[in-house]
Number of protein chains: 2
Amino acid sequence: MSGEDAPAQQQNAEEQKPQQQDGESKSESPKTENKPEATPAEPVAAAAAASGEAAATAAAPADKPAEEDTFSYRALVLTGYGGYDKVKLQVKKGKPALKSGEVMVRIKACGLNFADLMARQGLYDRLPSPPVTPGMECSGIIEAVGEDVTDRKVGDKVLVLNRSGLWQEVAVVPTSHTFPMPEGMGFEEAAALPVNYITAYMMLFDFGHLRPNQSVLIHMAAGGVGIAATQLCKTVKDVTIFGTASASKHEVISEGGVTHPIDYRTRDYVEEVRKINPKGVDIVLDPLGGSDTHKGYNLLKPMGKLISYGAANMLSGQKKNLFAVAKTWYQQFSIHTLSLCQSNRAVCGFHLGYLDSELVVDVMNALLELYQQGKIKPRIDSTYHLEQVGDAMRRMQERGNVGKIILTTEPMKEEPKKEEAKKDEKKEDKKKEDKKKEDKKKEEAKKEEKKEEKKKEEAKKEEKKAEEKKAEEKKVEEKKVEEKKEEAKKEEN
Amino acid sequence: MSGEDAPAQQQNAEEQKPQQQDGESKSESPKTENKPEATPAEPVAAAAAASGEAAATAAAPADKPAEEDTFSYRALVLTGYGGYDKVKLQVKKGKPALKSGEVMVRIKACGLNFADLMARQGLYDRLPSPPVTPGMECSGIIEAVGEDVTDRKVGDKVLVLNRSGLWQEVAVVPTSHTFPMPEGMGFEEAAALPVNYITAYMMLFDFGHLRPNQSVLIHMAAGGVGIAATQLCKTVKDVTIFGTASASKHEVISEGGVTHPIDYRTRDYVEEVRKINPKGVDIVLDPLGGSDTHKGYNLLKPMGKLISYGAANMLSGQKKNLFAVAKTWYQQFSIHTLSLCQSNRAVCGFHLGYLDSELVVDVMNALLELYQQGKIKPRIDSTYHLEQVGDAMRRMQERGNVGKIILTTEPMKEEPKKEEAKKDEKKEDKKKEDKKKEDKKKEEAKKEEKKEEKKKEEAKKEEKKAEEKKAEEKKVEEKKVEEKKEEAKKEEN
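This text gives an overview of the structure that appears in the document. Remember, predicted model here, so these are calculated numbers, not experimental data.

With that out of the way, let us pick up the packing of aromatic side chains. Within a pair of aromatic rings, the relevant descriptors are the distance that separates the centres and the angle that separates the planes. By the definition in use, this model includes six aromatic pairs over all chains. Their ring planes at 85 degrees and their centres at 6.1 Å tell us that A:Tyr124 and A:Tyr354 sit as a pair that is edge-to-face. Here A:Tyr124, found in the loop between helix H2 (114-120) and strand E5 (137-145), pairs with A:Tyr354, found in the loop between strand E15 (346-349) and helix H11 (361-372); they are 230 residues apart in sequence, far enough to count as distant. Comparing A:Tyr124 with A:Tyr354, the two get one shared label, buried. Plain terms: the ring middles of B:Phe71 and B:Tyr73 are 5.9 Å apart, the flat faces sit at 65 degrees to each other, and that makes the pair edge-to-face. By relative accessible area, which is 7% here, B:Phe71 ends up buried. Residue placement shows B:Arg345 over the ring face of B:Tyr297; its charged tip is 4.7 Å from the ring centre.

Laid out in structure tokens, this is it:
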């Protein structure tokens, strides 16, 4: 697919008007204004990349003004906070301007992350206000480079990590946000790697300082970060991995390296861990927040580290669920340093979205090295077209996935029986199968919904208990203070 | 000095009666009851160790019953919570019983720690109730081994780490709490190593995961942990060390490896750090607590770790200062996981006293290896006799020391001009010099006291500011929640 073909495939595009992006983050939202002034940031090389995954050969720019007039590309745009339908497929027109140090990428595949779901509900403050194109990671081919860019050239295949703006066919990003794809890596794999693996790596090896013979509790072990974390744990000798996931996913995560899969829907994971490791675990990776953070903290051995990296418990339903948000907020874990000292524990918080990008360069390079050594390999759960982003988000939110959910910029075929569609047909078949599987999973999900409701009731009970416990602890503390005062009085007398 | 000589040197011993120790921790308080029952824990080898630091040759036990009747040893005993005078020198009579897996150590030197000061004021709950012998670390010679002890033998020089009970001439401890002293290590050095170096090591290398090119803020850089941490930082390439200490100690800590000494009495250390490292530091070691923890947290770079390991700010004056305790308690740092996530930071708590001893074995071995490589070397600030424990504690509390304060079990000479006292004389001279230095430092300390008062006033002001800030933050948060609710309402409409 070359840039020129794009306008021909605007199926399902809901709006044809170019969107005016707010100017805050120029690198993230390509401008549609056609150069009102001659900036020094004029692209020094702008060429349509060769189509598909074939080796890129930079074609000479033909009839430049005409191309710029006709340049357009499809983009997903969050039009407002709310349900799945708030992310719409639109067409942006005009070639994005390139500043010094930036590159223009023809995007092939994009990764879906929990933060994207939070963002859609208005729960993630790192995404600029709507209308805005979401998307923090993608893979693609460099189509043009700005001035002073020496380390990337047109035709390079790259992974991209950005604050937002990558769920579209073309994006302009600082060159430092791109990383060359290793030999043999596919675009979908490449789009699945950055966010999940950087997150898992920094949590386990920087905050967690994971060492041989230690034990780790991984929540949502079948999710993107869960599978990345499992693979990274396996690079350290004799690490015991407890992984929570619904029963249907246990076979896959066991094969992936989870030592003890736990069905959190039918079992109390705290009890299950204690049965096997009475003293608890060395590291807890906690994407859930709320009451689960308390449970995780209490599962820590001395010198143990709890690493919180999200509040998935806030997500309940398509739209912002104020009850779930308030409950997770209310139950969020808070700790005093004196208590930490007495238990010799650490509480860490991680969120890649709030991290300076320069810090991840070394980590990304280490990960690409591990990939080339065959020690890590992203697992793709399913691939959706941009038009299907709603289904993709639903699958993630309903925890249907095992591994990464990918959006491909490849256009959907309206009529599957074209001349050169044989190759595509196979892909379509696979998609259909995936769909079937998904439907089955949805049914399962419905069954589990009932279980979930029961769980929620239990959670409410638990919440009440926790409140009672808090009140009691407060009393005990007050009593202690009283006692100390009395003691002091005695001593003074 | 052999065990038999001890009773002859009971100068300043305030009470001659043996103390009945509470039975809770047998390994810590040697029993004085003379074996009312034949336990299987009868010592299998009990022999007076050869005197002094000479090579130990086990003498055959002579006239056993008589020896056990006359066996006595001097011990420091905390008789109640309060000022320096609450720690009294007493004589315990009767040979302590040895159980299987235990050893009896003839103690040569003991280390003084902040926890001992806290304990005396009743602020450290890991010390059993008075009367009790304090002391968490010492060095000495094994004088007897219990049944099943195969890894230690009579005459072995050892470092000892225990929950309490080591500020005396003889102690019985589990063999697992002893570590062989490396060749060439003196008893004072050995007594100075365990608590400070294990603490610094586990904080920097386990919680902190210190790596090349990082930066560390070390409070009380001239204290025992401060000097240990500085030396350990120097084992990692290109680590920048910010160290707080009063100006008179800057030369020494600079020589020791502190890159940027900061006089916390005359400067705002936060400003000083920011001047040099505008982005802050990677690790803060915080022994202070209270408002300093907040400052330290705010100085952290992304992926930074704050490691709290005490609440020295609670110590103000000889006796428990309820105002200082309450203020430190009130101002103690508390953090929500969501805030941690948004700043990508870790908050850790460490206190060796609350840590399972089995966890420190590997660390201790790593430290002894570093010692033998010449990479670490405890710095002795001063050595006091057991009789001078009050002066020793005062020196520590008033922050007069540069390095470790040691208690020696060597008896004080009443008349300095004895026949064989020449060697001792030199030591005495050194002591006198030390005393002079100390007096000078005390004068300095007085001067600084005034400064301190000024500082306290400032602290009060700051406290008020902090309260106001807190109140304001709360308002902002409430407002945010309100706004979100309204947003949600709008969306639902």
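Having seen the structure, we can now continue with the description.
Attention now moves to the interface of chain A and chain B. With 53 residues of chain A at the contact, the number on the chain B side is 53 residues. In total, about 4700 Å² of surface goes out of reach between chain A and chain B, with carbon and sulfur atoms giving 58% of it. For A:Asp206, the salt bridge identified is with B:Lys305, shortest N-O distance 2.4 Å. Viewed at the interface, chain B and chain A are joined by 14 residue pairs in polar contact (both at pLDDT 80 or more). For the side of chain A that touches chain B, the secondary-structure elements that each account for two or more residues are helix H4 (194-207), strand E13 (300-308), helix H9 (322-331), strand E14 (334-336), helix H10 (337-343), E15 and helix H13 (422-492) of chain A. Ranked by residue count, the leading element in the side of chain A that touches chain B is H13(A), at six residues. Residues belonging to the side of chain A that touches chain B are distributed by class as follows: 24 nonpolar, 15 polar and 14 charged. Sheet topology places E15(A) next to strand E15 (residues 346-349) of chain B; three bridges connect them, and they run antiparallel.

Okay, the packing of H4(A) against helix H5 (residues 224-233) of chain A next. Residue and element names in this part refer to chain A. Running from N to C, H4 and H5 point in directions that differ by 50 degrees, and their axes come no closer than 8 Å. Of the possible angle classes, the one that applies to H4 and H5 is oblique. As H4 packs across H5, the resulting crossing turns out to be right-handed. Mapping the contact onto sequence places Asn196, Tyr197, Thr199, Ala200, Tyr201, Met203, Leu204 and Phe205 in H4 and Gly224, Val225, Ala228, Ala229, Gln231, Leu232 and Cys233 in H5. Of the residues in the contact of H4 with H5, the class split is eleven nonpolar, four polar and no charged.

On to unusual backbone geometry. In this structure, the amide linkage connecting A:Pro130 to the following residue, A:Pro131, adopts the cis form with an omega of 0 degrees. Assignment of secondary structure puts A:Pro131 in the loop between H2 and E5. In the Ramachandran plot, A:Asn213 falls in the positive-phi region, its phi being about 70 degrees despite a non-glycine side chain. Here A:Asn213 shows up in the loop between H4 and strand E9 (215-218). The backbone of B:Asn344 sits at a positive phi, close to 50 degrees, despite the residue not being glycine. Topologically, B:Asn344 is positioned in the loop between helix H10 (337-343) and E15. The exposure class assigned to B:Asn344 is buried, which follows from its relative accessible area of 0%.

Attention shifts here to the pattern of salt bridges. Evaluation of the coordinates by the stated rule reveals 28 salt bridges over all chains. The shortest N-O distance in the salt bridge between B:Asp206 and A:Arg211 comes to 2.9 Å. Of this pair, B:Asp206 sits in helix H4 (residues 194-207) while A:Arg211 is found in the loop between H4 and E9, placing the two residues in two different chains. Judged by relative accessible area, which is 9%, B:Asp206 ranks as buried. Across the pair B:Glu143 and B:Arg106 runs a salt bridge, and its minimum N-O distance is 2.7 Å.

This part covers H4(A). Think of an α-helix as turning once every 3.6 residues; residues three or four places apart then point the same way. Residues and elements named next belong to chain A. With 14 residues, H4 extends 18 Å between its outermost C-alpha atoms, agreeing within 8% with the 20 Å of an ideal straight helix rising 1.5 Å per residue. Taking burial as the measure, the 14 residues of H4 include 13 buried ones, the bulk of the element. The first or second residue beyond H4 is His209, which carries a positive phi of 50 degrees.

Across the sheet, twelve strands lie side by side as E11(A)-E10(A)-E9(A)-E12(A)-E13(A)-E15(A)-E15(B)-E13(B)-E12(B)-E9(B)-E10(B)-E11(B); this open sheet has mixed pairing. Each edge of the open sheet is held by one strand with a lone partner, namely strand E11 (260-262) of chain A together with strand E11 (260-262) of chain B. Across this sheet, the average inter-strand angle for adjacent strands is 15 degrees, counted without regard to direction. In this sheet, strand E12 (residues 281-286) of chain A lies alongside E9(A) in parallel orientation, the contact comprising three bridges. By the bridge assignment, A:Val216 is partnered in E12(A) with A:Ile283. Sheet strands touched by H5(A): E9, strand E10 (240-244) and E12 of chain A. Its angle to E9(A), the strand with the most contacts, is close to 170 degrees. Where H4(B) meets the sheet, its contacts fall on E13 and E15 of chain A together with strand E9 (215-218), strand E12 (281-286), strand E13 (300-308) and E15 of chain B, and the angle it forms with E13(A) comes to roughly 35 degrees.

Turning our attention to the relation of the copies chain A and chain B. Here chain A sits on chain B after a turn of 180 degrees about the axis and a move of 0.0 Å along it, with an RMSD of 0.0 Å. The superposition operator between the copies reduces to a two-fold rotation axis. An overlap of 100% is found between the interface residues of chain A and their copies at the interface of chain B, pointing to a shared contact surface.

Right, let's get into helix H7 (residues 269-276) of chain B. Residues and elements named next belong to chain B. Among all positions in H7, only Tyr269, Glu272 and Val273 are buried. Along the axis of H7, the buried residues cluster in a sector spanning 95 degrees; they form a single face. If you follow the buried residues of H7, they end up packed against E9, strand E10 (240-244), E11, E12 and helix H8 (291-298). One side-chain oxygen at the N-terminal end of H7 lies 2.9 Å from the backbone nitrogen of Val270; it belongs to Asp268.

Calculation notes
- Residues numbered from 1 in each chain as written.
- Chains lettered and ligands numbered in written order.
- Predicted model: local features only at pLDDT ≥ 70, side-chain atom pairs only at ≥ 80, totals over all residues.
- Heavy atoms only, no water.
- Phe/Tyr/Trp six-rings, centres within 6.5 Å; stacked < 30°, edge-to-face > 60°.
- Helix = DSSP H or I, 4+ residues; strand = E, 2+ residues; numbered from the N terminus.
- Buried < 20%, exposed > 50% of the residue type's maximum accessible area, 1.4 Å probe, protein only.
- Lys NZ or Arg CZ within 6 Å of the ring centre and 35° of its normal.
- Contact = heavy atoms within 4.5 Å.
- Buried area = accessible area lost by both parts, 1.4 Å probe.
- Salt bridge = Lys/Arg side-chain N within 4 Å of Asp/Glu carboxyl O.
- Polar contact = N/O pair within 3.5 Å; in protein donor to acceptor, adjacent residues only side chain to side chain.
- Nonpolar A, V, L, I, M, F, W, Y, C, P; charged D, E, K, R; others polar.
- Pairing = 2+ DSSP bridges.
- Axes fitted to C-alpha atoms, helices over the stretch in contact; angles between N-to-C directions.
- Parallel < 35°, antiparallel > 145°, perpendicular 65-115°, else oblique.
- Left-handed = near helix turned anticlockwise from the far one by under 90°.
- Expected span 1.5 Å × (residues − 1).
- Least-squares fit on C-alpha atoms with pLDDT ≥ 70 in both.
- Arc of directions from axis to C-beta.

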